[in-house]
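# Descriptive structure summary
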Amino acid sequence: MSSIIPAFIPHAGCPHQCVFCNQKTISGQQTNGIEAAREQIEKYKQWVKPSINNEIAFYGGSFTALPIDFQEDLLRLAGEYLAKGWAGSVRLSTRPDYINPQELELLKRYRVATVELGAQSLDDKVLALAERGHTAEDVAKAVKLLRKYNFRVGLQFMLGLPGQDAASFADTVAKGLALKPDIIRLYPLLVIKDTPLAKAFAEGQYTPLALNEAVRECYEAYEAFSRAGVKVIRMGLQPDAELMKVGNILAGPFHPAFGELVKSYGYKLKVEKII
């Protein structure tokens, strides 16, 4: 049995704010320094057993876009827990356009095993509207380079993005399958306070997916990746206390057990087929 011991570094390394993103509200973590990371690791490790199968994980920012000194400080911090047997490797999330050989050599030295790319979409029009600052080709190049260096590769996709319809999301899923990732996260887009998307929503320029639409589209993606042997490790945002505070989620297909809704929808389809 393996566990992830997370430390959130909200917006750290991000070159700008994407239209949908407010990591401080999503993660509940307000600061991103070394001591803040240490406090989080200490908090979460009390709930897991020491094991080389565990991973220390850095989420909520663009890790490989951080200054090198800060990266090394965080990786050395993780190394302290690896040396004590709490975990056997490190996992991190980052942007696809900040992957290069020099960076990957650094990550290898510090026993990073898994790199998750915040791809969000593989439709360049959708990526531009979301102000991601990278292209679908950047994602493909990053995956290829990560494979060359023998990293375990994760992709994160969102559904309900501005300018994205069901056909665009299905195309992203098909292109994502062709990249052959090891793991996938699927997130229906929510309107979070203090984001550019919140302003667009208030002005009537953005309409989020209804919950049933999000469940259906997510199930189709979940089923496609699962059939291909790709593990879907998350569907929907973690309902942390900060995210759940009244007024933080302004609109969108939120449910605290969104992943269970998706799986239940699949069972419903199978039962209906039998009947």
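This write-up is about the structure you can find in this document.

What counts as what
- Residues numbered from 1 in each chain as written.
- Predicted model: local features only at pLDDT ≥ 70, side-chain atom pairs only at ≥ 80, totals over all residues.
- Heavy atoms only, no water.
- Core = buried A, V, L, I, M, F, W, Y, C linked by side-chain atoms within 4.5 Å.
- Buried < 20%, exposed > 50% of the residue type's maximum accessible area, 1.4 Å probe, protein only.
- Helix = DSSP H or I, 4+ residues; strand = E, 2+ residues; numbered from the N terminus.
- Contact = heavy atoms within 4.5 Å.
- Pairing = 2+ DSSP bridges.
- Axes fitted to C-alpha atoms, helices over the stretch in contact; angles between N-to-C directions.
- Expected span 1.5 Å × (residues − 1).
- Arc of directions from axis to C-beta.
- Disulfide = S-S within 2.5 Å.
- Salt bridge = Lys/Arg side-chain N within 4 Å of Asp/Glu carboxyl O.
- Parallel < 35°, antiparallel > 145°, perpendicular 65-115°, else oblique.
- Left-handed = near helix turned anticlockwise from the far one by under 90°.

Further remarks concern the nonpolar core. Formed by 62 residues in total, the largest nonpolar core has its most connected members in I56, F58, F63, L107, V115, F157 and L186. The dominant element in this core, judged by the number of residues it contributes, is helix α9 (residues 211–227), at 8 residues. If we skip the residues at most four places from it in the chain, F58 touches A7, F63, L74, A78, V90, R91, L92 and S93. Counting 20 residues, the second largest nonpolar core, distinct from the first, contains L189, I192, A198 and A251.

Another point: the sheet that holds strand β3 (residues 89–94). Spatially, β1-β2-β3-β4-β5-β6-β8 is the arrangement adopted by the 7 strands of the open sheet, whose pairing is parallel. Only two strands of the sheet have a single partner each, and these edge strands are β1 (4–8) and β8 (231–235). Adjacent strand axes in the sheet meet at a mean angle of 20° when their direction is disregarded. The pairing of strand β6 (residues 183–188) with β8 spans 4 bridges and is parallel. Note that in β8 the partner of R185 across the bridge is R234.

Within the element layout of this structure, N22 appears in the loop between β1 and α1 (23–27). Sequence spacing of N22 and N248 is 226 residues, and the spatial spacing of their C-alpha atoms is 9.8 Å.

Turning our eyes to something else, we now look at helix α11 (residues 258–274). Compared with an ideal rise of 1.5 Å per residue, which puts 17 residues at 24 Å, α11 spans 25 Å between its outermost C-alpha atoms and is within 8% of the ideal. Three or more residues of α11 are buried, namely F258, G259, V262 and G266. The buried residues of α11 occupy an angular sector of 125° when projected down its axis, which confines them to one face. Residues of α11 that are exposed and point over 90 degrees away from its buried face: Y267 and I274.

The next thing to look at is the state of the cysteines. In a disulfide, the sulfur atoms of two cysteines are held together by a covalent bond. Throughout the structure, instances matching the rule amount to 0 disulfides. Summary of cysteine pairing: C218 is not part of a disulfide, and the nearest cysteine sulfur, belonging to C21, is at 19 Å.

Another point: the pattern of salt bridges. Tallied over the entire structure, the rule returns 15 salt bridges. Between R38 and E35 there is a salt bridge whose closest N-O contact spans 3.7 Å. Here R38 and its partner E35 are both found in helix α2 (residues 34–45), 3 residues apart, which amounts to about one turn of the helix. In this structure, E272 and K268 form a salt bridge, with 3.0 Å as the shortest nitrogen-oxygen distance. Here E272 pairs with K268, and both are found in helix α11, just 4 residues apart, close to one helical turn. One connected set of salt bridges, linked through shared partners, spans E55, R91, E116 and R185.

Close contact between α2 and helix α3 (residues 68–83) brings their axes to 10 Å; oriented N to C, the two are set at 25°. Considering the angle they form, α2 stands roughly parallel to α3. Handedness of the crossing formed by α2 with α3: right-handed. The residues of α3 that touch α2, namely those facing I34, A37, R38, I41, E42 and K45, are F70, D73, L74, L77, E80 and Y81.

The side chains of a regular strand alternate, first on one face of the sheet and then on the other. Most of strand β2 (residues 55–59) is tucked away, with 5 of its 5 residues classed as buried. In terms of strand pairing, β1 meets β2 through 5 bridges, oriented parallel. Counterpart to I4 in the pairing with β2 is E55. Where β2 lies against β3, 4 bridges are found, and the strand directions are parallel. Paired with I56 across the strands is V90, a residue of β3.

On to the side chain of Q156, then. The topology assignment puts Q156 in strand β5 (residues 152–159). Among the residues examined, Q156 registers a relative accessible area of 13% and is labelled buried. Q156 has contacts with S93, E116, L117, G118, A119, Q120 and R185, leaving out every residue within four places of it along the chain.

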